[in-house]
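Structural overview
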There are 2 protein chains.
Amino acid sequence: MPLLVTGSIGIDTIKTPYGASERCLGGSSIYFSMAASFFSPVRFVGVVGEDCPFDLPAVFKGRNVDLRGLEVRAGSKTFVWHGTYHEDMNDRTTDHVELNVLQEALPKVPEVFRDSKFVFLANTAPALQIELLDQMAGPVFVAADTMNLWIEAAEHLADLRKLLRRIDCLIINDDEARLLARHSNLIKAAESILAMGPRIVIVKKGESGSLMCSADGHRFILSAYPATVVCDPTGAGDSFAGGCMGYLARTGKTDFGTLKTAVAYGTVVASFTIADFSLAGLTAIAREDIDKRLRMLREFTCF
Amino acid sequence: MPLLVTGSIGIDTIKTPYGASERCLGGSSIYFSMAASFFSPVRFVGVVGEDCPFDLPAVFKGRNVDLRGLEVRAGSKTFVWHGTYHEDMNDRTTDHVELNVLQEALPKVPEVFRDSKFVFLANTAPALQIELLDQMAGPVFVAADTMNLWIEAAEHLADLRKLLRRIDCLIINDDEARLLARHSNLIKAAESILAMGPRIVIVKKGESGSLMCSADGHRFILSAYPATVVCDPTGAGDSFAGGCMGYLARTGKTDFGTLKTAVAYGTVVASFTIADFSLAGLTAIAREDIDKRLRMLREFTCF
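These lines cover the structure that appears in this document, whether it is placed above or below.

What counts and how
Residues numbered from 1 in each chain as written. Chains lettered and ligands numbered in written order. Predicted model: local features only at pLDDT ≥ 70, side-chain atom pairs only at ≥ 80, totals over all residues. Heavy atoms only, no water. Phe/Tyr/Trp six-rings, centres within 6.5 Å; stacked < 30°, edge-to-face > 60°. Helix = DSSP H or I, 4+ residues; strand = E, 2+ residues; numbered from the N terminus. Buried < 20%, exposed > 50% of the residue type's maximum accessible area, 1.4 Å probe, protein only. Pairing = 2+ DSSP bridges. Axes fitted to C-alpha atoms, helices over the stretch in contact; angles between N-to-C directions. Contact = heavy atoms within 4.5 Å.

1. Considering the packing of aromatic side chains
Going through the model one piece at a time under the given rule, you end up with 16 aromatic pairs over all chains. Note on F118 of chain B and F141 of chain B: the rings are 6.1 Å apart at their centroids and 40° apart in plane angle, and the pair reads as tilted. Residue F118 of chain B is found in strand 8 (residues 118-121), and its partner F141 of chain B is found in strand 9 (residues 141-145); the two are separated by 23 residues along the sequence. Across this residue pair, the class does not change: F118 of chain B and F141 of chain B are buried. Every member of this aromatic cluster is reached through a ring pair, and the members are F39, Y247 and Y265 of chain A.

Listed below in structure tokens is the structure:
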């Protein structure tokens, strides 16, 4: 079933203990789309400025990513992010950020995309996520990401609470889940978020893996893939979401058993992302590599 | 097959955000034995002072724990530990400690215990663990725990390295594994410890679960049981070890598949321990409760 993503496209400059990458391609919708495209066609909605140095049609060539929702906005500048990862790689500092086109008007969802059945709203102000969702005609499964910035500010939190009543799944990291739920125990935090609206909450715990809870009482806990090569964690969360949603869109199902496999695919795809800078970890692999690693993950985690 | 444990018996005073317990029964061999006794008969080796306020034969009544290795030493005092757990429960402070009888001569392993095939050497100075191991006649699977104190001091570290060449399995927590291996990545740390001697390393990660690696390249990663009731984490690690070793001793096997199930049983038993103070979480349950939770854990973690 058609899968649509809305999110950022960025010019990233990243330093990690293992190297650095200057002005490389980044952004939530980029990582999401590349990850999801291993499973399902992707409809891409995002905006860059006229200074954008990347040839996105070339980046996604042969990958079944429909870029008709990509706007190159005249007179605007592309989102810029500079970040540094520290020794333990779970901890990062934003050194510099230029929101640029991200603080202007949203890109429009093209008419031909509006019937998408699976939708991922990558992190942005919740009011904008709602505005994007309003353009969709009857999606069957909507997932969204969010961040501390929107949870901590009362006016944004009110919008986030509205959004939560309209989506099926929130994909959120552990610190943000605790912040939103005001509970330090992650299971209780997830249950508290379920009470705010979505029927599925997926909590990303970095190298500790992820936790998924459903409103009807199912739970799933999965380790991260035991990667010994962690070069650059940027995009891990969006790749995880892309792998999940790509698999769901491919199967067209959202029962808990399918969701478990989707989370496992997301976990595996993210493990390839972090092995190299920018998209290099994902562009180096084929679907067979993902399936092989999924079988390994099953062996590593099932008893 | 017979399972022997050597370790401490303590008078614990514990404060947590959920309550307090004064002068309750604690110590590694106590938690280990109670946990293991759900699966296998246990041979108990430990020493208390003449002031010991606990009736251990009554504590273990009907539980198939052979206390012929318990020494009540005249003129000595029992080990005392006071600890406080803080908000996130992974972080604890030792407020007060009296080693007392633990810094005197070791208890002897009774002659009738020396043919034990499965042996757990709970944490103490590695030279003492070696001395205890020397009293055994041909065990088939020896596991040991250790701690930062012995890793950080050069003279103890030399003994620990000797011990590692003589045991089959090291059960250690994540911070200690990183300290011993001098590597922050836990997989690499475990591999580095395998190179020091044992064929199995199990790394305990608290609420993040555990990781097991074998010298022949197998890996297993298991989440903690998703407990929403965490009252007192004291004894979780020793209960984990007890559940693991008890299951192995019951089956008499130590192949990786059996070890995976053993780690799952250890995980489940520990989840009962932390639900209440001292042994109350373990004495409240029967083997069926453990098996039921094991099935739940499989559903929560396998895909």
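2. Quick word on the sheet that holds strand 6 (residues 79-85) of chain B
Residue and element names in this part refer to chain B. The mixed open sheet is built from four strands, whose spatial order is 3-2-6-7. Edge positions in the sheet fall to strand 3 (19-26) and strand 7 (92-98), since each of these pairs with one other strand and no more. Between one strand and the next, the sheet's axes are offset by a mean angle of 15°, whatever the strand orientation.

3. Remarks on the sheet that holds strand 1 (residues 3-6) of chain A
Picture the strands of a sheet paired through backbone hydrogen bonds; they go either parallel or antiparallel. All names here are of chain A. Across the sheet, which stays open at both edges, the nine strands sit in the order 5-4-1-8-9-10-11-12-13 with mixed pairing between neighbours. Each edge of the open sheet is held by one strand with a lone partner, namely strand 5 (65-73) and strand 13 (219-222). Direction aside, the axes of adjacent strands within the sheet are offset by 15° on average. In the sheet, strand 12 (residues 210-214) pairs with strand 13 via four bridges, with the strands oriented antiparallel. Each residue of the ladder has a partner; that of S210, found in strand 13, is L222. Each of strand 1, strand 8 (118-121), strand 9 (141-145), strand 10 (169-173), strand 11 (200-204) and strand 12 touches helix 8 (residues 236-251); the most contacted strand, strand 8, lies at about 170° to it.

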